[in-house]
Amino acid sequence: MDKPLLEVRDVQKYFPIAGSLFGARRALVKAVDGISFTIDAGETLGLVGESGCGKTTTSKLVLAAETPTAGSIEFEGRNVAQLKGPDLKDYRRKVQVVFQDPYSSLSPRMRVGDIIGEPIKAHEGVSSADVRARVAELLELVGFRPDVARLFPHEFSGGQRQRLAIARALSTKARLVVLDEPVSALDVSIRAHIISLLESIQARLGVSYLFIAHDLAAVAHLSRRTAVMYLGKLVEVAESLELCARPLHPYTKALYAASLPSHPDEAREEIVLSGEVPSAIDPPRGCHFHPRCPFAMPRCSEQEPALVELSAGHRVACHLY
Amino acid sequence: MAALLRVEDLRTYYVGFRGTRVVKAVDGVSFSVEAGETFGLVGESGCGKTTTCHAIVRLLAPSARIVSGRIELEGEDLVTKSQGEMRRIRGRRIATILQDPMASLDPLFSIYDQVAEPAYYHQGLRGRALRGRVRQLLDAVRIPSPELRMKDYPHQMSGGMRQRIVGAISQAGGPRIIIADEPTTNLDVTIQLQYLTLLKDLQRATGVALIFVTHNLGIVAKMCDRVAVMYAGKIVELQSVRGLFYRPRHPYTRALLDSIPKLGVRQPLCGIPGQPPDLADLPLGCSFHPRCARAIDRCLSEEPKPVALNGEGSVRCWLPIGDAAASG
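None of these values were measured; they are calculated from a predicted model.

J.: Describe the overall build of chain A, naming the residues involved and giving the relevant values.
T.: Across its full length, chain A carries 9 helices and 12 strands. Taking 2.2 N^0.38 as the reference for a compact globule, 321 residues should give roughly 20 Å; the C-alpha atoms of chain A span a radius of gyration of 21 Å, in line with that estimate. Counting only C-alpha atoms and orienting by the principal axes, one finds that chain A spans roughly 65 × 60 × 45 Å. Within chain A, the fraction of its 321 residues that count as buried is 46%. Looking at chain A alone, contacts between residues at least 24 apart form 64% of all its contacts between residues at least 6 apart.

If you want it as C-alpha cells, here you go:
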C-alpha cells in the first residue's frame, strides 16, 4: 500500500492566553491535544464535533496557517513544518480550502473570473489567455456557463457562490481540499446539490477531502471514514457506515442520538447529555468526556484512555472497551 | 372547540421606495393552532415564515404592512388592535422565542430583571412572590443554582443557557401560545436536543401551544403535531406530521424530503433544481412551477387554490402527488 496523501501524527496546538501583565502563570488553551489521522488520495475523511472541539484549529494546521506545538503533519511524505520558500508555496497550491460562509469568502470587488483566476496566476505564471481558458473549464466543472466570469459575486445566490468557492479551490489542481462546514450556511434544497457536486468532482479529479461538519448525516453521506472529535482529541474513528450502525464511544452515541430523526416514527436511543462542553483551558482530568458521560467509572476521571483499534479500521478511546 | 389562534388569508407586503417594489412576503396564509398543540411552519429562507410570525405579534418592520386578513387570538382580531393594546397581549398571551439569544437578551440587565419583567407587568407579582416566580421559572428551564445565577448577566452564560433563559422569559407572563422562530439554529446538536426536550417538558407542564418555525424537517419530525410547508409566501401544504412524512402531496414537500441525507443510508441525494423565486417578481401561475418536475401547462398560467385533503389539511397544487385523477 502506498503512503497516505496526508498523515497527521500526534499533533498538538496550544494557544497561550494572556495571564497577568508580567506574563506570570500563563494558561494554555489546548485546542488540539494530540490527534492522529491519515487521508488517502481520492478519499474523504469526515471530521465531526461540536463548536469549540478543535475542528477549525485542525483545519488551520492542515492548511499550514498555524504551526503545530508538537507532532508532525506529513503531506506526500514530507513534513509540512519544514517546508520553506517554493516548497511551501507548492504545498499551499496543493492544499486548498472552501469556507462555510460564501458571502464573506469571495471578494465583492473582484469579478468571478479574477477570483478563480488569481490563484492560477499566482502559482503558475501562465499567460492570461491560458488563465481565461482554465477559468472557463472550472466554471463548467461546477455547472456554470463560462460567460459568468465577468459577473460580480453579489449577482449570485448562496449556493451559486459556494460553487464559485469550490471552483477557486480547485483552480490550482489541488490534491486535498479542506471543506470547513461547506453546506451549513445553505438552504436544505441547495445543500443536496453542493454535496452531489462535491461527490462528482471527486470521482472525476480524484481529489481528497477533509470534510468538517456537524451534520452527521451529511458527513456519513460524503465521507468513507469519519473521525469524531471532543475537546481537542479524537474519541472515535471508523468507516462512516459502521460508525452510524455501531457507534461505540458514549459521546458518539450521544451525537447520533441527538441528530434529528428523518421521520416522526423513527425510534432513537435517547441519550440527553447533561451540561455543556467544558473549557479547553482547563479540561477535565482523565477522559475529557467523563463529567458528561452516562457510563463514567472511577477510572475515567484518573486515567486517560488511548485510541485503540477494536476491529479493522474502527478505533475508539474509551475505558469501556 | 374554537381554535386558540386562527390566521385567515393573511397578506403582508414590504413596500419599497415610493411603492416601486412590492415584496409579497406573506400572500394569503391561513392556518389555525389549537390549545396545547405544536404547529410547525417550515420553509427555506425567504419564504415568509418569519414575516408571518412577526405579523402575528404585530412587530413588523416599518416597511411591512398587513394588507389584508385576520389574526384571531381566542376570537379577538389582532390586526385591528393598537400597539398599546398589543403590549398587553404580547408576553401575557403570546410570547416569542427568537433565533439569536444574544440579540434577544439585553446585555445591561441582569437575568433576574429580564425574567421578572413579564411577571411584574402581566401577572402583577411583586417582592417575594416575584422572586419565587423567577426562581421557579429558572428551575423549570434547568438553570443550576438559580438563586445565584439570577444575579448574573447574559455574557456570563453559554449559548445554550442563554437560549434557556429566553425560554424562561417567554413563560414568565403565562402565555397560551409561544412562537419559537428557529430557536435552535445557533446551538450545537447535543445542546439542541437538550433544548427541544426542555420545550416539550414545559409544554407538557403548562399546556401552552407552540408554533415552531424552522427549516429543519428533523425538528418537525421530532416536535410537531401538524405542519404547514411555506413556499414563496404561501402555504403549499398543510398536514399532520405523519401525513406529511409518509404521504406528502405537494411536489415541493416531496422534493424537500428527498434532499435531506439520511443517517447511515448512502443513497443519491436529489436537490431541487433552480433557486427560490424573487418575492417581488413571482412567476405567473404556481410559484413553484419553474422548479417542479410535474408541472403541466395549467401550472404556468393559473395559480392553484388550496384544496382540502380528505383527512385533514390542504394542498395548493393542480396535480398533487397521489391523485392523478385530479388533473384539470
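J.: Could you give me a rundown of the overall build of chain B, with the residues and numbers involved?
T.: Within chain B one finds 12 helices and 12 strands. Its C-alpha atoms give chain B a radius of gyration of 21 Å, near enough to 20 Å, the size a compact globule of 328 residues would have. When its C-alpha atoms are laid out on the principal axes, chain B stretches across 70 × 50 × 40 Å. Evaluated residue by residue, chain B yields a buried proportion of 47% over its 328 residues. In chain B, the share of contacts with a sequence separation of at least 24, taken over all contacts with a separation of at least 6, comes to 66%.

J.: Give me the lowdown on the packing of helix α5 (residues 127–140) of chain B against helix α7 (residues 159–172) of chain B, citing residues and values where you can.
T.: Residues and elements named next belong to chain B. Interhelical geometry of α5 versus α7 gives an angle of 130° and a closest axis separation of 9 Å. Comparing the axis directions of α5 and α7 gives the class oblique. For the pair α5 and α7, the sense of crossing is right-handed. Contacts between α5 and α7 involve L137, L138 and A140 from the first element and A168, Q171 and A172 from the second.

J.: Could you give me a rundown of the nonpolar core, with the residues and numbers involved?
T.: Counting 183 residues, the largest nonpolar core has V177, L210 and F211 of chain A together with V115, I177, I211 and F212 of chain B as the members making the most contacts within it. Among the elements that take part in this core, helix α8 (residues 189–206) of chain B stands out by supplying 7 residues, more than any other.

J.: Run through the pairing of strand β1 (residues 5–15) of chain B, naming residues and quoting values.
T.: Residues and elements named next belong to chain B. Pairing of β1 with strand β4 (residues 64–73) involves 8 bridges; the strand directions are antiparallel. Opposite R6, over in β4, you have E72 as the bridge partner. Linkage of β1 to strand β2 (residues 22–33), two consecutive antiparallel strands, is achieved through a turn of 6 residues, within which R18 is found at a positive phi near 50°.

J.: Report on unusual backbone geometry, specifying residues and quantitative values.
T.: The residue D9 of chain B is not glycine, and still its phi comes out positive at about 50°. Summarising the element assignment, D9 of chain B is placed in strand β1.

J.: Describe in detail helix α4 (residues 111–123) of chain B, supporting the description with residues and values.
T.: All names here are of chain B. Taking 1.5 Å of rise per residue, 13 residues should cover 18 Å, and α4 covers 18 Å from first to last C-alpha, within 8% of that figure. Bending of α4 peaks at approximately 30° at the position of E117, with proline P118 no more than four residues after it. Every buried residue belonging to α4 is among I111, Q114, V115, A116, P118, A119 and H122, and all of these are buried. Elements that come into contact with the buried residues of α4 comprise α5, α6 (146–149) and α7.

J.: Run through the interface of chain B and chain A, naming residues and quoting values.
T.: On the chain A side, the residues contacting the 35 residues of chain B number 33 residues. Elements that contribute at least two residues to the side of chain B that touches chain A include exactly α8, α9 (217–223), α10 (241–246) and α11 (251–258) of chain B. Sorting elements by how many residues they give to the side of chain B that touches chain A places α8 of chain B first, with 7 residues. Residue composition of the side of chain B that touches chain A, grouped by class: 15 nonpolar, 14 polar and 6 charged.

J.: How would you summarise the packing of helix α3 (residues 112–124) of chain A against helix α5 (residues 158–170) of chain A if you had to cite specific residues and measurements?
T.: All names here are of chain A. It is at 7 Å that the axes of α3 and α5 come closest, and there the two elements cross at 25°. Considering the angle they form, α3 stands roughly parallel to α5. Relative to α5, the crossing made by α3 is right-handed. Residues V112, I115, I116 and P119 of α3 pack against L164, A167 and R168 of α5. Of the residues belonging to the contact of α3 with α5, the class tally is 6 nonpolar, no polar and 1 charged.

J.: Can you explain the pairing of strand β8 (residues 209–214) of chain B? Please cite residues and give values.
T.: Regular strands place their side chains on alternate faces of the sheet. Residue and element names in this part refer to chain B. Counting buried positions along β8 yields 6 of 6 residues, so the element is predominantly enclosed. Where burial is concerned, the two faces of β8 agree: the one with A209, I211 and V213 and the one with L210, F212 and T214 are both buried. Looking at chain direction, strand β3 (residues 38–42) and β8 are connected through 5 bridges and run parallel. Paired with L41 across the bridge in β8 is V213. Pairing of strand β7 (residues 177–181) with β8 involves 5 bridges; the strand directions are parallel. Pairing of I177 across the sheet is with A209, part of β8. Between β7 and its parallel partner β8, the chain crosses via α8, and the hand of that crossover is right-handed.

J.: How would you summarise the environment of P278 of chain A if you had to cite specific residues and measurements?
T.: Residues and elements named next belong to chain A. Summarising the element assignment, P278 is placed in the loop between α9 (250–258) and β11 (308–311). Here P278 falls in the partly exposed class, since 15 other C-beta atoms lie within 10 Å of it. Sequence separation between P278 and R292 is 14 residues; the distance between their C-alpha atoms is 9.4 Å. Beyond its immediate chain neighbours, meaning those up to four positions away, P278 contacts L231, P283, P284 and P291.

J.: Tell me about the sheet that holds β1 of chain B, and please be specific about residues and values.
T.: Ordered by their spatial adjacency, 4 strands build an open sheet running β2-β1-β4-β5 (chain B), and the pairing between neighbours is antiparallel. Single-partner strands in this sheet number two, and they are β2 and β5 (76–77) of chain B.

J.: Which residues make up the sheet that holds strand β8 (residues 208–213) of chain A, and what are the values?
T.: Residues and elements named next belong to chain A. Taken together, 8 strands build an open sheet; the order of strands is β6-β7-β8-β3-β9-β10-β12-β11 and the sheet is mixed. Among the strands making up the open sheet, the edge pair consists of β6 (95–98) and β11. The mean angle between the axes of side-by-side strands here comes to 25°, regardless of whether they run parallel or antiparallel. Bridge count for β6 against strand β7 (residues 176–180) is 4 bridges, and the pairing is parallel.

J.: Give a detailed account of α7 of chain B, specifying residues and quantitative values.
T.: Residue and element names in this part refer to chain B. Over its 14 residues, α7 runs 20 Å from end to end, which matches the ideal 20 Å to within 8%, given 1.5 Å per residue. Counting buried positions along α7 gives 13 out of 14 residues, so the element sits mostly inside the fold. Downstream of α7 by one or two residues, G174 has phi in the positive range, about 70°.

J.: A description of the environment of A95 of chain B should follow, citing residues and the corresponding values.
T.: Residues and elements named next belong to chain B. Looking at the element boundaries, A95 is found in strand β6 (residues 94–97). For A95, a count of 25 C-beta atoms within 10 Å puts it in the buried group. Sequence separation between A95 and G132 is 37 residues; the distance between their C-alpha atoms is 21 Å. Once residues lying within four places of it in the same chain are set aside, the contact partners of A95 are S170, G173, P175 and I178.

Conventions and cut-offs
- Residues numbered from 1 in each chain as written.
- Chains lettered and ligands numbered in written order.
- Predicted model: local features only at pLDDT ≥ 70, side-chain atom pairs only at ≥ 80, totals over all residues.
- Helix = DSSP H or I, 4+ residues; strand = E, 2+ residues; numbered from the N terminus.
- Rg over C-alpha atoms; globule rule 2.2 N^0.38 Å.
- Buried ≥ 20, exposed ≤ 12 C-beta atoms within 10 Å, placed from the backbone.
- Contact = placed C-beta atoms within 7 Å.
- Axes fitted to C-alpha atoms, helices over the stretch in contact; angles between N-to-C directions.
- Parallel < 35°, antiparallel > 145°, perpendicular 65-115°, else oblique.
- Left-handed = near helix turned anticlockwise from the far one by under 90°.
- Core = buried A, V, L, I, M, F, W, Y, C linked by C-beta atoms within 7 Å.
- Pairing = 2+ DSSP bridges.
- Expected span 1.5 Å × (residues − 1).
- Bend = angle between axes of the 7 residues up to and from the residue.
- Nonpolar A, V, L, I, M, F, W, Y, C, P; charged D, E, K, R; others polar.
- Right-handed = clockwise from strand over helix to strand, strands pointing away.

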